[in-house]
Amino acid sequence: MKPYVISNVGMSLDGKLVTVGGDSRISCEEDLIRVHKLRAKVDAIMVGIGTVLKDDPRLTVHKIKSEKNPIRIVVDSSLRIPLNARVLNKEAKTIIATTEKANKEKIKALENLGVEVIVCGKEKVDLKKLMEILYEKGIRSILLEGGGTLNWSMFKEGLVDEVSVYIAPMIFGGKSVSYVDGEGFKSVDEAVKLKLKNFYKLGEGIVLEFDVIK
C-alpha cells in the first residue's frame, strides 16, 4: 500500500520550472492560493533536496486559513540539507528520507532538532519503499512539489496518481529545469499516460488536471 500522490507544478508553456538565470517567478497570486488549498487537503508535502537548497521553502499552508500544516518530507540521498533550512522549523513535522551513505552525525543533529530521519536505500532513496513506510505511518495523501529530478523518479517508479499543472503564458527557452527531467523514456509506449479530467483558466494562465492511467 502507498499514499495517493498528486504531482503539482507551475511551469512555462514550454515546460520549464525556471529560466536559465534561475528565475522561478511563474505562479500568479491566484495559483499560489490554489497550491495552498491543495496543501491544506493532503497529509504531507514532498520535495527533493534541490528544491530546499534553491528556494529554502517553508512548505506550510500560509496563503489561506488552515487548521493544520501537512507533514513535510524531503528526499535527500546525501543528507545535504542545511541545519538552518526553514523546512526544519517548528511550524510542522518534518521527515527526511536519506540513505545508508548519510553522515551519522548529521542524522543525530537532525534528530536533535526534532526531525524524523528515514534511512531507505543504499546510494539513492528507495522511493517505493519510502512510500510503503509513509503509508505505515498513517500518511494517505502526498502533494509532490518536486523539481525535475524527483518528479522523473516518481513517475518512472509509477508512484504518481494525479497531475495538477498551472501553465503560465510564458516561454523561457534554453536548457533549464523542466517539469520532468531524468533520462526520460525511450519510446511513446513506455511513457506515462494521462487522462484529462478538468481544465480551467486561472489568472492569465490555465490549470490542467489529469489522472495517471495505471
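Residues numbered from 1 in each chain as written. Predicted model: local features only at pLDDT ≥ 70, side-chain atom pairs only at ≥ 80, totals over all residues. Heavy atoms only, no water.

Enquirer: In this structure, what is going on with the pattern of salt bridges? I would like to understand it.
Expert: Opposite charge on two side chains allows them to pair when their charged atoms are near. Under the criterion given, the structure shown has 17 salt bridges. The partner of Lys54 in a salt bridge is Asp55, and the shortest N-O contact between them spans 3.1 Å. Assessed through its relative accessible area of 43%, Lys54 is described here as partly exposed. When salt bridges that share partners are traced, they join Lys2, Asp161 and Lys214 into one network. (Salt bridge = Lys/Arg side-chain N within 4 Å of Asp/Glu carboxyl O. Buried < 20%, exposed > 50% of the residue type's maximum accessible area, 1.4 Å probe, protein only.)

Enquirer: Please clarify how the nonpolar core should be interpreted in this entry.
Expert: One recurring pattern in soluble globular proteins: nonpolar side chains tend to sit buried together. One finds Met46, Leu130, Met131, Leu134, Ile142 and Met154 to be the most contacted residues of the largest nonpolar core, which totals 33 residues. By residue number, the principal contributor to this core is helix 4 (residues 127–136), which donates five residues. Not counting the four nearest positions on each side in its chain, Met154 is found in contact with Val5, Met46, Leu127, Met131, Leu144, Leu159 and Val160. One finds Ile45, Val52, Leu59 and Leu110 within the second-largest nonpolar core, a separate group that totals 17 residues. (Core = buried A, V, L, I, M, F, W, Y, C linked by side-chain atoms within 4.5 Å. Helix = DSSP H or I, 4+ residues; strand = E, 2+ residues; numbered from the N terminus. Contact = heavy atoms within 4.5 Å.)

Enquirer: Just checking my understanding: could you explain the layout of surface pockets for this structure?
Expert: A probe as big as a water molecule, rolled over the atoms, marks out the empty space that is left. Considering only enclosed or pocket space, the largest pocket measures out at about 1,400 Å³ in volume. What lines the largest pocket is a set of 50 residues, among which Thr51, Asp55, Glu145, Gly146 and Gly147 lie closest to the centre. Among the secondary structure elements, those contributing two or more residues to the lining of the largest pocket are strand 1 (4–12), helix 1 (29–41), strand 2 (44–48), helix 2 (49–55), helix 4 and helix 5 (148–156). Considering every element that reaches the lining of the largest pocket, the biggest residue donor is helix 5, with six residues. Taken together, the residues that form the lining of the largest pocket break down as 16 nonpolar, 16 polar and 18 charged. Each pocket or cavity is described by its volume, and for the second largest pocket that value is around 210 Å³. Lining of the second largest pocket is provided by 14 residues; of these, Phe155, Tyr179, Val180, Val192 and Leu194 occupy positions nearest its centre. Listing elements by their share of the lining of the second largest pocket, those giving two or more residues are helix 5, strand 7 (162–168) and strand 9 (205–212). Tallying contributions element by element places strand 7 first for the lining of the second largest pocket, with three residues. (1 Å grid on protein atoms, 1.4 Å probe; cavity = no way out; pocket = protein on both sides within 12 Å on 5 of 7 lines; lining within 4 Å. Points joined across faces, edges and corners; volume = space filled by probe spheres on them. Nonpolar A, V, L, I, M, F, W, Y, C, P; charged D, E, K, R; others polar.)

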